[in-house]
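As a plain string of letters, each chain reads:
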Amino acid sequence: MPPTSDFERMLREVALRVTRPRLAVLAAVHEHPHADTDSIIGAVRTGLGDVSHQAVYDVLRALTTAGLLRRIQPPGSVARYEARVGDNHHHVVCRGCGAIADVDCAVGPAPCLTASDAHGFTIDEAEVVYWGRCPDCTTALSS
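None of the values given here were measured: they were computed from a predicted structure.

## Observations regarding empty space enclosed by the protein
1) Next: Across all of its chains, the model carries 1 cavity of 30 Å³ or more by this definition.
2) Next: Empty space within the largest cavity amounts to approximately 50 Å³.
3) Next: What lines the largest cavity is Arg-70, Ile-72, Gln-73, Pro-74, His-91, Glu-127, Val-128 and Val-129.
4) Next: Residue composition of the lining of the largest cavity, by class: 4 nonpolar, 2 polar and 2 charged.

Following this line, the structure appears as structure tokens:
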């Protein structure tokens, strides 16, 4: 995880004021990639004490809007957040336990996949979700 000074620099670079909640949320998402909001709230409260749900939601929204975090929401899942931004990567989701992992671009340069018919759109991103079973769930099914 980057040091706090890196988080302060990141906030300043996107013209956001450096606050303890923003630093705590950035740290939580860097420590726990693909964490849901409740997990992030728990991690932030461990470091800062009593912080409202709304404060964390507001910080997540501000950091996502500023491009410091990415919000993902695979079908059937709650929203999750990650700090890996600036590239066009995808995700694999376990059908058993819901674990999520990053998957680098499938083929070629961003947007990774060429649409068979772009319908006149200028495509700058493709979002692919791979579904399957993680190693632990595969082993459990085999047992």
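## Focus on the side chain of Thr-37
1) Next: Inspection of the secondary structure puts Thr-37 in helix H3 (residues 37-48).
2) Next: Residue Thr-37 is classed as buried on the basis of its relative accessible area, which comes to 9%.
3) Next: Beyond its immediate chain neighbours, meaning those up to four positions away, Thr-37 contacts Tyr-57, Leu-60, Ala-79 and Tyr-81.

## Things to note about the pairing of strand E5 (residues 100-103)
1) Next: Here 4 bridges tie strand E4 (residues 90-94) to E5, and the two strands are oriented antiparallel to one another. Bridged to Val-93 within E5 is Ile-100.
2) Next: Counted between consecutive antiparallel strands, the loop separating E4 from E5 contains 5 residues, among which Gly-98 sits at a positive phi close to 85°.

## Some words on the sheet that holds strand E6 (residues 129-132)
1) Next: The strand order across the open sheet formed by 3 strands is E5-E4-E6, and the pairing between neighbours is mixed. Looking along the sheet, the strands with just one partner apiece sit at the ends: E5 and E6. Strand-to-strand twist in this sheet, taken as the mean axis angle between neighbours without regard to direction, amounts to 25°.

## Some words on the pattern of salt bridges
1) Next: Enumeration over the complete set of coordinates arrives at 6 salt bridges.
2) Next: Notably, a salt bridge pairs Arg-61 with Asp-58, separated by 2.7 Å at the nearest N-O pair. Within this pair, Arg-61 and its partner Asp-58 are both found in helix H4 (residues 53-65), separated by 3 residues, close to a single helical turn.
3) Next: Between Arg-84 and Asp-87 there is a salt bridge whose closest N-O contact spans 2.7 Å.
4) Next: A relative accessible area of 29% means that Arg-84 is categorised as partly exposed.
5) Next: When salt bridges with common partners are traced through the structure, they connect Arg-84, Asp-87, Asp-102 and Asp-104 into a single cluster.

About the criteria used
- Residues numbered from 1 in each chain as written.
- Predicted model: local features only at pLDDT ≥ 70, side-chain atom pairs only at ≥ 80, totals over all residues.
- Heavy atoms only, no water.
- 1 Å grid on protein atoms, 1.4 Å probe; cavity = no way out; pocket = protein on both sides within 12 Å on 5 of 7 lines; lining within 4 Å.
- Points joined across faces, edges and corners; volume = space filled by probe spheres on them.
- Nonpolar A, V, L, I, M, F, W, Y, C, P; charged D, E, K, R; others polar.
- Helix = DSSP H or I, 4+ residues; strand = E, 2+ residues; numbered from the N terminus.
- Buried < 20%, exposed > 50% of the residue type's maximum accessible area, 1.4 Å probe, protein only.
- Contact = heavy atoms within 4.5 Å.
- Pairing = 2+ DSSP bridges.
- Axes fitted to C-alpha atoms, helices over the stretch in contact; angles between N-to-C directions.
- Salt bridge = Lys/Arg side-chain N within 4 Å of Asp/Glu carboxyl O.

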